Amino acid sequence: MSSINYAEKIPNNVNLTNDRTLQRALEHWQPAFRNWWHEMGPTDFEKADVYLRTAISVDAQGWAHYGNVKMPDYRWGIFLADPVADRRIGFGDQMGQPVWQQVPGEYRSTLRRLIVTQGDTEPASVEQQRMLGHTCPSMYDLRNLFQINVEEGRHLWAMVYLLHAYFGRDGREEAEELLERHSGDADKPRILTTFNEPMTDWLSLYCFTYFTDRDGKYQLKSFAESAFDPLSRTCRFMLTEEAHHMFVGETGISRVVKRTLELMKEHGTDDPEVVRRHGGVDLPTLQKYLNFWCSSSLDLFGSEISSNSASNFASGMKGRPDETTYEDHVLRGKTIQLATPEGEQEVPMLNALNEVMRESYLKDCEIGLKRWNRMIERAGHDLRLTLPSSRFRRSIGPWAGVPVDTHGRMIPRHEYEQRLEDWIPSERDRAHVLSLMQRVIEPGKMAGWIAPPERGINNLAVDYEYVHLH
Ligand code: BYC
């Protein structure tokens, strides 16, 4: 197992000192990254000491290192999972052949594009979340936000390493552009739509980390299968970091549900207006936030019918998450029936892989829903939270722009437009949620709209001082 060298300017386990040109190129990018963090990272918390975990090796135990760090001093670096001896391509037309240690010329531009698209989401999410520190519901949550932010910064490093190490000059140019596009920027927005959505409240953060980070999990898992071995190794390590982000989302929403149920019990009602009056997030509003972020994240899988997905799979660039659990790894001659607004269509399986992935993603999303609904049921209420249909509010694929309700039924456009406010947050809903966003910073205290977590970080108490503000 390779350990991480923290003695160097850029911590790494890729023997950077042996490649002076690459080291210099990355050291040249490093100040630009720091500058981006200073300008676009979490506002006003640069002097705070934050209880953060830093990877010290790439195995499961490597995460044991926790300590107080000022975010700008976080040791962002380059960590790849250890190589697998004699690794072979596990799917597609070149199945069984040795994996690639260099980028094959014919796949260069596609691979670069995939890596840039992945890389673009990482700083984008930090930009989206940069104001949230000011309205944290607790110090515990503030620390979790910052942990996520520094790790997204590290994921950017992971993709920039690949661009610098394997794509020469155009890779370096792409790395610079990753710091020049900004979330929501009118002239230079981030590549994927979800990463341009404003995020002004913590309910959105929990939904984002539940739904959007989970897309991250699926995309990283499909790259972990890649025939381009450095990409596979980098994504395998990134997945270990990703788990905490989804934990923040799932437990965050659980804590909102718990607090709302407490308010409903206290006031003997399930009337959403009463919950609101007493400073809670009523369940119908939570449902709208789930609908919004779930439908937005569903677009991130691309079109249901996609020639890109077919060639990415056939060439070995991008597999299915958990590829080994499938029987057929080549998929030539296989077809699948897909529902489109024009009716059922028989589509080559290779072209439907975005949809295959979206469906397994949705199954994974159901897990949290079951947990939250059990809490609601135990509290004696009939309402159930649900996921919207994968046809609802789509901007990509055959269902893009088609007026469909949350159950997936096509409805007249005027009805859709009229009812949209019943399904995703209206201005009034957003104003209510925003009104709850008051900063609570005393260790152990929680904002009134969210229950405390069940436990603290790394076996510490919930009221531990996770962030020292100066
Ligand atoms: N928005 O055949 P299509 C994460 C474009 S999240 C805008 O439908 P394809 C994270 C597409 O680029 C994971 N454009 O889809 C989470 C293409 O353009 P070109 C991020 C979109 O190519 C939280 C055209 O439409 N990682 O890590 O099979 C916090 C037709 O494409 C969108 C990745 O996404 C959209 N939603 O698949 C932090 C992995 N969807 O080429 C981090 C890398 C599609 O015709 N990306 N388009 O100009 C990919 O694998 C693929 O690019 C996609 C699309 C899955 C995104």
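Note that the structure is a prediction, hence the values are computed from the model and not measured.

### Points about the site of the ligand
Moving on, step 1. Not every one of the 30 residues close to the ligand is listed here, only the nearest: Gln118, Ser303, Ser306, Asn308 and Lys318.
Moving on, step 2. At 3.1 Å, a side-chain N or O of Arg113 approaches an oxygen atom of the ligand.
Moving on, step 3. Thr193 is positioned with one of its side-chain polar atoms (N or O) 3.2 Å from a nitrogen atom of the ligand.
Moving on, step 4. Computed on the free molecule, the ligand has an accessible area of 1,000 Å², of which 82% lies beneath the protein chains in the complex.
Moving on, step 5. For the shell around the ligand, a count of residues per class yields nine nonpolar, 14 polar and seven charged.

### Overview of the packing of aromatic side chains
Moving on, step 1. Counted under the stated rule, the structure contains 30 aromatic pairs.
Moving on, step 2. Note on Tyr51 and Tyr464: the rings are 5.5 Å apart at their centroids and 65° apart in plane angle, and the pair reads as edge-to-face. Of this pair, Tyr51 sits in strand β1 (residues 49–53) while Tyr464 sits in the loop between α12 (427–436) and β5 (467–468), and the two are 413 residues apart along the sequence.
Moving on, step 3. Judged by its relative accessible area of 9%, Tyr51 falls in the buried class.
Moving on, step 4. Arranged with centres 4.9 Å apart and planes meeting at 35°, the rings of Phe91 and Phe313 form a pair that is tilted. Here Phe91, found in the loop between β2 (66–70) and α2 (108–128), pairs with Phe313, found in helix α9 (residues 307–315); they are 222 residues apart in sequence, far enough to count as distant. Just as Phe91 is buried, Phe313 falls in that class too.

### Concerning the pattern of salt bridges
Moving on, step 1. Throughout the structure, instances matching the rule amount to 33 salt bridges.
Moving on, step 2. Across the pair Asp49 and Lys70 runs a salt bridge, and its minimum N-O distance is 3.0 Å. Linking Asp49 in strand β1 with Lys70 in strand β2, this pair joins segments that are 21 residues apart in sequence.
Moving on, step 3. One salt bridge in this structure joins Glu151 and Arg53, with 3.0 Å as the shortest N-O distance. Here Arg53 lies in strand β1 and Glu151 lies in helix α3 (residues 139–166), a separation of 98 residues in the sequence.

### Regarding the packing of α3 against helix α6 (residues 229–266)
Moving on, step 1. Interhelical geometry of α3 versus α6 gives an angle of 160° and a closest axis separation of 10 Å. As the angle between them shows, α3 and α6 are arranged roughly antiparallel. Pair α3 / α6 crosses with left-handed handedness.
Moving on, step 2. For the contact of α3 with α6, a count of residues per class yields 13 nonpolar, six polar and eight charged.

What counts as what
- Residues numbered from 1 in each chain as written.
- Predicted model: local features only at pLDDT ≥ 70, side-chain atom pairs only at ≥ 80, totals over all residues.
- Heavy atoms only, no water.
- Near = heavy atom within 4 Å.
- Polar contact = N/O pair within 3.5 Å; in protein donor to acceptor, adjacent residues only side chain to side chain.
- Areas by Shrake-Rupley, 256 points an atom, 1.4 Å probe, with all protein chains shown as cover.
- Nonpolar A, V, L, I, M, F, W, Y, C, P; charged D, E, K, R; others polar.
- Phe/Tyr/Trp six-rings, centres within 6.5 Å; stacked < 30°, edge-to-face > 60°.
- Helix = DSSP H or I, 4+ residues; strand = E, 2+ residues; numbered from the N terminus.
- Buried < 20%, exposed > 50% of the residue type's maximum accessible area, 1.4 Å probe, protein only.
- Salt bridge = Lys/Arg side-chain N within 4 Å of Asp/Glu carboxyl O.
- Axes fitted to C-alpha atoms, helices over the stretch in contact; angles between N-to-C directions.
- Parallel < 35°, antiparallel > 145°, perpendicular 65-115°, else oblique.
- Left-handed = near helix turned anticlockwise from the far one by under 90°.

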